[in-house]
Amino acid sequence: MKLPKTTNRFCPYCNKKTEQKIKLVGTGGKRGTLTRGSKYRAKKRGLGRGIGNLGKWGSKPAQTKHKRKSKTTKKPNIMYTCSVCKKSKYRNSSKNKRTGKILQE
Ligand SMILES: [Zn+2]
């Protein structure tokens, strides 16, 4: 995922546009995880154990998509840190645009 390191953005503390650092923050835990594909269920059924490359527990080839660290077009949660007053502001991901869309603009 590509993001600029700094942007000029309005700072509510300085009450003007300042240069702000961009930092990605986590979403804060899993939400709405489907139980069918849960690790807990797999363990109950005797799966999800073993040594080496079992992929997703043996039956199918390894799902490389799950091993990716970040999605290519996800809505990022961004923390903006003002370079003038050093205060940070969080932007909620629900109001964000996808990264691919941001870069097009
Ligand atoms: Zn500021």
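What comes next concerns the included structure. Values in this document were obtained by computation on a predicted structure and should not be read as measured data.

## Some words on the pairing of strand 1 (residues 6-11)
Sheet topology note: the strand 1/strand 2 (residues 16-24) ladder contains six bridges and is antiparallel. By the bridge assignment, phenylalanine 10 is partnered in strand 2 with lysine 17. In this structure, the hairpin formed by strand 1 and strand 2 is closed by a connection of four residues, where asparagine 15 is found at a positive phi of approximately 60°.

## Some details on the pairing of strand 3 (residues 78-82)
In summary, the side chains of a regular strand alternate between the two faces of the sheet. Of the two faces of strand 3, only one is covered, namely that formed by Ile78, Tyr80 and Cys82; the face formed by Met79 and Thr81 stays uncovered. For strand 2 and strand 3, the ladder comprises five bridges, and the chain directions are antiparallel. Across the sheet, residue isoleucine 22 finds its bridge partner in strand 3, namely tyrosine 80. As paired strands, strand 3 and strand 4 (residues 88-91) are joined by four bridges and run antiparallel to one another. Within strand 4, the residue paired with tyrosine 80 across the bridge is lysine 89. Where strand 3 folds back on strand 4, the antiparallel hairpin that results is connected by five residues, among which lysine 86 adopts a positive phi of roughly 65°.

## Thoughts on the coordination of the zinc ion
Listed as protein donors to the zinc ion are Cys11 (SG), Cys14 (SG), Cys82 (SG) and Cys85 (SG); their distances from the metal cover 2.1 to 2.4 Å. Here the zinc ion is ringed by four donor atoms whose angles at the metal span 102 to 119°, and the overall shape comes out tetrahedral. Read in sequence order, the donor residues for the zinc ion give the motif C-x2-C-x67-C-x2-C. You can see cysteine 11 sitting in strand 1 and its partner cysteine 82 sitting in strand 3, a full 71 residues away along the chain. Classification of cysteine 82 as buried rests on a relative accessible area of 1%.

## Quick word on the packing of aromatic side chains
In this structure the tally under the stated criterion is zero aromatic pairs. Against the face of tyrosine 80 rests arginine 9, its NZ or CZ located 3.8 Å from the ring centre.

## Topic: the sheet that holds strand 2
What the four strands build is an open sheet, ordered 1-2-3-4; its pairing is antiparallel. Where the open sheet ends on each side, the last strands, each with one partner, are strand 1 and strand 4. Direction aside, neighbouring strands of the sheet carry axes that sit 40° apart on average.

## With respect to the environment of cysteine 85
Position of cysteine 85 among the secondary structure elements: in the loop between strand 3 and strand 4. By relative accessible area, which is 26% here, cysteine 85 ends up partly exposed. The contacts of cysteine 85, once residues within four sequence positions are left out, are Cys11, Tyr13 and Cys14.

Thresholds applied
Residues numbered from 1 in each chain as written. Predicted model: local features only at pLDDT ≥ 70, side-chain atom pairs only at ≥ 80, totals over all residues. Heavy atoms only, no water. Pairing = 2+ DSSP bridges. Helix = DSSP H or I, 4+ residues; strand = E, 2+ residues; numbered from the N terminus. Buried < 20%, exposed > 50% of the residue type's maximum accessible area, 1.4 Å probe, protein only. Donors = N, O, S within 2.8 Å, 3.2 Å for Na, K, Ca; no water. Tetrahedral: all angles 85-135°; square planar, octahedral: opposite > 155°, others 65-115°. Phe/Tyr/Trp six-rings, centres within 6.5 Å; stacked < 30°, edge-to-face > 60°. Lys NZ or Arg CZ within 6 Å of the ring centre and 35° of its normal. Axes fitted to C-alpha atoms, helices over the stretch in contact; angles between N-to-C directions. Contact = heavy atoms within 4.5 Å.

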